[in-house]
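Chain residues, written in single-letter form:
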Amino acid sequence: MGIAFRLSTELVAGVFVGGGIGLLLDKWLGTGPLFLLIFFFLGMAAGILNVFRTAKQLAVQAEQDAGNGNSGTKS
Amino acid sequence: MAAEEAASGAAHHGGGLAIDPMHQFRIETIFPIHIGGVDASFTNSALWMIIAAGLITLLTVVGMGKRSLVPGRLQSVAELSYEFVANMLRDNVGDAGKRFFPLVFTIFMFVLFTNMLGMVPYSFTVTSHIIVTFALASFIFLGVTFVGFAVHGWHYFGLIVPKGVPAVMLPLLVVIELISYLTRPISLSVRLFANMMAGHTMLKVFAGFVIAMGWYGGFLPLAFMVAFTGLEILVAFLQAYVFAILTCIYLNDALHMH
């Protein structure tokens, strides 16, 4: 459960930050929903990148734990 | 324990079915303090933060007071938590991370104690408010970014420039990397806050079922709640652990850029 929750927050946070940057830029420059749309998709890409990295790092960690022969408390 | 807390809480606040599971998150002012039009009142949230900080100080100061070679119970707990954080820091950051031990230890103990105190009946869960977790996470984020710039200077911007990428794609990827870097405080704070709030709301909702189903049906949700309280204690520890280990990982990124 810990892992699933960690991955999903990474994904959602990416979209939120992207959308937030887009909204602020739009407000500042007064350019309709242009930047919101662009940064929304960029945020999604960043979220997926984060999920990918987290998953990779968790896999490395699991491998290390298996190698050391301890089951560990890593989430 | 929490079952009693929730059940009595529910009975206390609403007669019959009118139970408000969100009542537990309400901020109540204890001493009103206003400084220049800013509401800086001492609230129940502040009270429980101070209790947590006081208990941690008590544990470390009184626990290590005797410094006996064969530790007693309290000293064992203090030493165990020290070694736990020290090992976590060594595994994830390496020797360069030793300087940051006080920071990580403080964060870990504070989150752990506020989470655990939230499980005590009639208490207030400080970490179930996003502003608290967000303040913690942005403090970590700003601190780690500062450390990165202090250690690497302007080269720290290299963290958001991926290597071996064609020049056409570079602007796009730099923006994506920048957003990915900026999500850190959000994901860190939302994870802790959502876990704590969801768990405590769930406890209260099921406590409401105990009242609603009465003497005959109420034992089923009660049994579930006993098990769920155990799970909540596990989550309280796990989330403190995750919060601290992510601080270590971010520190590692800042100290040894990949």
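If you're wondering where the values come from, they're calculated on a predicted model, not measured in any experiment. (Residues numbered from 1 in each chain as written. Chains lettered and ligands numbered in written order. Predicted model: local features only at pLDDT ≥ 70, side-chain atom pairs only at ≥ 80, totals over all residues.)

### Re the overall build of chain B
- A count of helical and extended segments in chain B gives 7 helices and 4 strands.
- Counting helices and strands in the order they occur from the N terminus, chain B gives α-β-β-β-β-α-α-α-α-α-α.
- Along the longest, intermediate and shortest principal axes, the C-alpha atoms of chain B span 70 × 55 × 45 Å.
- Sequence separation of at least 24 residues holds for 66% of the intrachain contacts in chain B that already meet a minimum separation of 6. (Helix = DSSP H or I, 4+ residues; strand = E, 2+ residues; numbered from the N terminus. Contact = placed C-beta atoms within 7 Å.)

### A word on the confidence of the model for chain B
All names here are of chain B.
- This prediction gives chain B a mean pLDDT of 84; 92% of its residues lie at or above 70.
- Within chain B, the lowest mean pLDDT, 46, falls on helix α1 (residues 2-13), and the highest, 93, falls on helix α4 (residues 101-117).
- Confidence drops under pLDDT 50 across residues 1-17; counting only partners more than four residues distant or on other chains, this segment forms 35 contacts.
- Of the two predicted TM-score estimates for the complex, the pTM is 0.81 and the ipTM is 0.76. (pLDDT = per-residue confidence, 0-100.)

### Structural notes on the interface of chain A and chain B
- Counting residues at the interface gives 18 residues for chain A, matched by 14 residues for chain B.
- Taken together, the elements giving at least two residues each to the side of chain A that touches chain B come down to α1 (2-29) and α2 (34-68) of chain A.
- The leading source of residues in the side of chain A that touches chain B is α1(A), at 11 residues.
- Of the residues in the side of chain A that touches chain B, the class split is 9 nonpolar, 7 polar and 2 charged. (Nonpolar A, V, L, I, M, F, W, Y, C, P; charged D, E, K, R; others polar.)

### Let's talk about unusual backbone geometry
- At Y122(B), a residue that is not glycine, the phi angle is positive and equals roughly 70°.
- Overall, the presence of 9 C-beta atoms within 10 Å leaves Y122(B) in the exposed class. (Buried ≥ 20, exposed ≤ 12 C-beta atoms within 10 Å, placed from the backbone.)

### A few points about the confidence of the model for chain A
- Of the residues in chain A, 87% reach a pLDDT of 70 or more, and the chain-wide mean stands at 80.
- For residues 71-75 of chain A, every residue scores under 50 in pLDDT, and the model assigns this stretch 9 contacts once sequence neighbours within four places are set aside.

### Here's the deal with the packing of helix α3 (residues 73-92) of chain B against helix α7 (residues 219-255) of chain B
Residue and element names in this part refer to chain B.
- In the contact formed by α3 and α7, the axes pass within 9 Å of each other and the chain directions differ by 35°. For the crossing formed where α3 meets α7, the hand is right-handed. On α7, the residues that touch V85, M88, L89 and N92 of α3 are A244, I245, C248, I249 and N252.
- Here the contact of α3 with α7 is composed, by residue class, of 7 nonpolar, 2 polar and no charged. (Axes fitted to C-alpha atoms, helices over the stretch in contact; angles between N-to-C directions. Left-handed = near helix turned anticlockwise from the far one by under 90°.)

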